[in-house]
Amino acid sequence: MARYLYMEEVPFKPQAFERAAESLESSKEDVKEIYKKGGLKALMEIPGVGKSIARHIEEYIKKGKIKDYENFKKRMPLKMDEMVRVEGLGPKKIKVLYKELGVHDLKTLEKAAKAGKVAPLFGFGETTEKNILQGLEFLKRDKGRFLISEILPIAREVKEKMEKFKGVDKVDIAGSLRRGKETIGDLDFLVIAEDSKRIMDFFVSLPGVEKVWGKGGTKASVRMRYGFDMDLRVIPNKSYGAALQYFTGSKEHNIITRKIAIEKGLKLSEYGLFHGSKMVASHTEEDIYKKLGMACPPPEIRENAGEVEAALKNELPKLIDLKYIKGDLHVHSNWQDTDGGKDSVEALAKYAISLGYEYIGISDHTKTLKIERSLNEKELLEQVEYIKKLNKSFQISNATFGSPSGSRKFQILAGCEANILKDGSIDIDDKVLEELDYVIAGVHSFLKMEKAEMMARIKKAMQNPNVDILAHPTGRVVGQRDEYAVDIDEILKIAKDTGTILEINSSSRLDLRDIYIRKAKNHGVKMIINTDAHKKEQMNLMEYGILQARRGWAEKGDIINTLPIEELLRHF
DNA sequence: GCCGTTTTCGGCCCGACTGTTTTCAGTCG
């Protein structure tokens, strides 16, 4: 609706529809549910939704379509959604393309541009035509959002390169990456530099840059070969905090903070916090939040999900941090796969020590998992004995691995990642499970069960007294697989009743997801952040589990692998 | 079309950048 209204040059309505749309997209509750519970009135409680838009929503819920929208489409039958995705094309240009050339989708757009029909149009030109064709090519290769673990290393590399560049004082990553979101659309860099033109030239000629969308005096934007965009902003030193706050977002968080500024008779922009024309804060984020009468919320929770209220009352959570993690309990060894790239228990333990850990848990797959070779009862018992022996040698040689004092000893725990079978039983005999230091159980088969059946299955597994941890509780894989049919509230309740610890899996699963972590915390359910490493380097994925946990407001006390070994074992 | 602890009328975020109509409209974030 907003885009069609832009086309018709209706004043102010497009922004109103956009605002309502954003509000609906970010709504934590299903809109249909809201309507079911409270009707039109409840819909009008949604920010940006008034009488008219509420009626539109009602119409859509009842009839599956909206008459006004259908009328727009009749007048201008074109695939708006796909066309606006072409960089540089907005509603106004699309309207001209349709009226003059009958262009109505990407195919007809490409045909017209290739035939040279776009350039002569009023308001277009050779460059615009070329940009459209290039935009279409990029769109074909577009992979959507990237998993944070794919993109953070690239971002750090770019940051380092710019930091080394002559005349650069400071570089920071802002945007959704700074907030630790599980997927990232593009990268935002902020820079303080003596000579903005030079750093900008350097930025647009970085290796991997495929196209320069734009380059001016203070900002530049490029498309990378990998398929994402990077934006650079050069910021004056005195505005740095304001800029960092502004470009970190989220948008919803910024709207709220700006409103608080207005209530105090101030104005907040990317250049600073102003009283009239007088700048009252701008140098650091902390200064700005302080002048707004609030504590500075960690970037990971800036989503307008209660953090502003908490910050105003100075009741922000003290979020979990990598430095509190004392060990990783979901690690696979070469016992389950001798010819793969996996590492030995010794190599894994040494690596864990190098990360500053005090313990590691070996949790190889068990027998019924056919995708990877896995351990049966006999082999598990052998591994327990092996680890016992190894622990003795590690106690002796611990000092050689850089332990700061002789008093701390490193410990390897013997665990497993057992399978929860279709009926909820565990694929390893309970007598053997009892011999292990701890047991992780997870669903790895029959992922498409009905909810009731799946919940009964998981419940039975969690009730097994030998099961300590529920691995990747909802089964989703970011960008690849949805969660299986589970009821998270029920899982939390069972976890509370049985004392089962829920895993925050740091691999591409990122499961539990952030909102579930927050729910778990509020229910008093304990969690553990594991990497699910299949070789030692993957133990570095811990960082992503931490970010996820922080986004879920988790504190040190919510995460059990912050505990010293004795307390951890007592927990099990 | 939405919104209001200064307002139920009269505002609506705005700066940066590009290309083209060469002084500003369209797009983006």
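This is a predicted model, so every value here is computed, not measured.

K.L.:
Describe the overall build of chain A, with residues and values.
P.N.:
Along the backbone of chain A there are 24 helices and 18 strands. In terms of overall dimensions, chain A is globule-like: its C-alpha atoms have a radius of gyration of 27 Å, near the 25 Å expected for 572 residues. By residue count, 50% of the 572 residues in chain A fall in the buried class. For chain A, the proportion of contacts with a sequence separation of at least 24, taken over those separated by at least 6, is 66%. Of note, chain A has its 97 positive side-chain charges centred 5 Å away from the centre of its 89 negative side-chain charges.

K.L.:
Kindly report on the domain arrangement of chain A, identifying the contributing residues and their values.
P.N.:
We note that the domain assignment places domain 1 (2-141), domain 2 (146-234), domain 3 (255-312) and domain 4 (322-571) within chain A. Computed from C-alpha atoms alone, the centre-to-centre distance between domain 1 and domain 3 is 33 Å.

K.L.:
An account of unusual backbone geometry is requested, with residue identities and associated values reported.
P.N.:
For the bond from G249 to S250, the omega torsion is 0°, close enough to zero to count as cis. Turning to its location among the elements, S250 is positioned in the loop between α13 (240-248) and α14 (251-263). Phi at E9 takes a positive value of approximately 55°, unusual for a residue other than glycine. Assignment of secondary structure puts E9 in the loop between α1 (2-7) and α2 (13-25). Look at E9 and you get exposed, because its relative accessible area is 56%.

K.L.:
Outline the packing of aromatic side chains, supporting the account with residue identities and numerical values.
P.N.:
Counted under the stated rule, the structure contains 10 aromatic pairs. Measuring from centroid to centroid gives 5.5 Å for Y438 and F572, while their planes differ by 20°, and the two rings are stacked. Placement of the pair is Y438 in the loop between α19 (430-433) and β15 (440-442) and F572 in the segment after α24 (565-571), with a sequence separation of 134 residues. Each residue in the set Y4, Y69 and F72 is aromatic and connected to the rest through ring pairs, giving one cluster. The ring of F124 is capped by K93, whose NZ or CZ atom sits 5.7 Å from the centre of that ring. Seen from the ring of F446, K422 lies directly overhead, with NZ or CZ sitting 4.5 Å from the centre.

K.L.:
Which residues make up helix α3 (residues 31-45), and what are the values?
P.N.:
Helix length check: α3 (15 residues) gives 11 Å between terminal C-alpha atoms against 21 Å at 1.5 Å per residue, more than 12% under. Where α3 is buried, its residues contact α2 and α4 (51-63).

K.L.:
Outline the sheet that holds strand β13 (residues 411-414), listing residues and values.
P.N.:
Strand pairing within a sheet occurs via backbone hydrogen bonds; the two strands may be parallel or antiparallel. With parallel pairing, the three strands of this open sheet are ordered in space as β11-β12-β13. The open sheet has two edge strands with one neighbour each: β11 (327-331) and β13. Averaged over all neighbouring strand pairs, the angle between strand axes comes to 15°, with direction disregarded. Pairing geometry for β11 and strand β12 (residues 359-362), over three bridges, is parallel. Across the sheet, the residue bridging to D328 is I360, located in β12.

K.L.:
Account for the sheet that holds β15, naming residues and giving values.
P.N.:
Ordered by their spatial adjacency, five strands build an open sheet running β14-β15-β16-β17-β18, and the pairing between neighbours is parallel. Of all strands in the sheet, those with a lone pairing partner are β14 (417-419) and β18 (527-530), marking the two edges. Bridge analysis of β15 against strand β16 (residues 469-470) gives two bridges, and the strand direction is parallel. Bridging from a neighbouring strand, A441 pairs with L470 of β16.

K.L.:
Describe the side chain of N254, listing the residues and the values that go with them.
P.N.:
Tracing the backbone shows N254 in helix α14. Residue class for N254 comes out buried when judged on its relative accessible area of 6%. For N254, the side chain forms a polar contact with the main-chain oxygen of Y246, separated by 2.9 Å. Residue contacts for N254: discarding those within four places in its chain leaves Q245, Y246 and G249.

K.L.:
Outline the nonpolar core, listing residues and values.
P.N.:
I320, I360, F410, I412, L502, I529 and M539 are the most contacted members of the largest nonpolar core, which totals 64 residues. Counting residues per element, this core draws most heavily on helix α17 (residues 345-354), at six residues. By size, the runner-up hydrophobic cluster in this structure holds 36 residues, among which are L187, F189, L232 and L510.

K.L.:
Run through a negative patch on the surface, naming residues and quoting values.
P.N.:
Negative charge collects at one region of the surface, where D429, D430, E434 and E435 lie side by side. Among the structural elements, E434 can be located in the loop between α19 and β15. Looking at E434, the relative accessible area reads 52%, which means it is exposed.

K.L.:
Describe the packing of helix α21 (residues 488-498) against helix α22 (residues 514-523), naming the residues involved and giving the relevant values.
P.N.:
Packing of α21 against α22 leaves a shortest axis separation of 10 Å and a crossing angle of 40°. The element α21 and its partner α22 pack so that their crossing is right-handed. Here I488, D489, L492 and K496 of α21 lie close against α22, whose contacting residues are Y516, K519, A520 and H523. When grouped by side-chain class, the residues that make up the contact of α21 with α22 number four nonpolar, one polar and three charged.

K.L.:
Explain the pairing of strand β4 (residues 186-193) to me, using residue names and the numbers behind them.
P.N.:
Burial analysis of β4 places seven of its eight residues in the buried class, the great majority of the element. Pairing geometry for strand β2 (residues 168-173) and β4, over five bridges, is antiparallel. What sits directly across from K170, in β4, is I192. Relative to strand β7 (residues 229-234), β4 is paired through six bridges, and the arrangement is parallel. Its bridge partner lying in β7, L187 is registered against M230.

K.L.:
An account of the protein's contact with DNA strand B is needed here, citing residue identities and associated values.
P.N.:
Lining the immediate environment of DNA strand B, one finds 35 residues, of which G50, G123, F124, G125 and K215 sit closest. Taken together, the sugar and phosphate atoms account for 81% of what DNA strand B places within 4 Å of the protein. A distance of 2.7 Å separates a phosphate oxygen of DNA strand B from a polar backbone atom of G48. The separation between a phosphate oxygen of DNA strand B and a polar main-chain atom of K92 is 3.4 Å. Elements supplying a minimum of two residues to the surface near DNA strand B: α2, α4, α7 (91-101), α9 (126-141) and β5 (209-215).

About the thresholds
Residues numbered from 1 in each chain as written. Chains lettered and ligands numbered in written order. Predicted model: local features only at pLDDT ≥ 70, side-chain atom pairs only at ≥ 80, totals over all residues. Heavy atoms only, no water. Helix = DSSP H or I, 4+ residues; strand = E, 2+ residues; numbered from the N terminus. Rg over C-alpha atoms; globule rule 2.2 N^0.38 Å. Buried < 20%, exposed > 50% of the residue type's maximum accessible area, 1.4 Å probe, protein only. Contact = heavy atoms within 4.5 Å. Lys, Arg positive; Asp, Glu negative; His and termini not counted. Charge placed at Lys NZ, Arg CZ, Asp CG, Glu CD. Domains from an automatic or database assignment. Phe/Tyr/Trp six-rings, centres within 6.5 Å; stacked < 30°, edge-to-face > 60°. Lys NZ or Arg CZ within 6 Å of the ring centre and 35° of its normal. Expected span 1.5 Å × (residues − 1). Pairing = 2+ DSSP bridges. Axes fitted to C-alpha atoms, helices over the stretch in contact; angles between N-to-C directions. Polar contact = N/O pair within 3.5 Å; in protein donor to acceptor, adjacent residues only side chain to side chain. Core = buried A, V, L, I, M, F, W, Y, C linked by side-chain atoms within 4.5 Å. Patch = residues over 30% accessible without salt bridge, like charges linked within 9 Å, V, L, I, M, F, W, Y side chains within 5 Å. Areas by Shrake-Rupley, 256 points an atom, 1.4 Å probe, with all protein chains shown as cover. Salt bridge = Lys/Arg side-chain N within 4 Å of Asp/Glu carboxyl O. Left-handed = near helix turned anticlockwise from the far one by under 90°. Nonpolar A, V, L, I, M, F, W, Y, C, P; charged D, E, K, R; others polar. Near = heavy atom within 4 Å.

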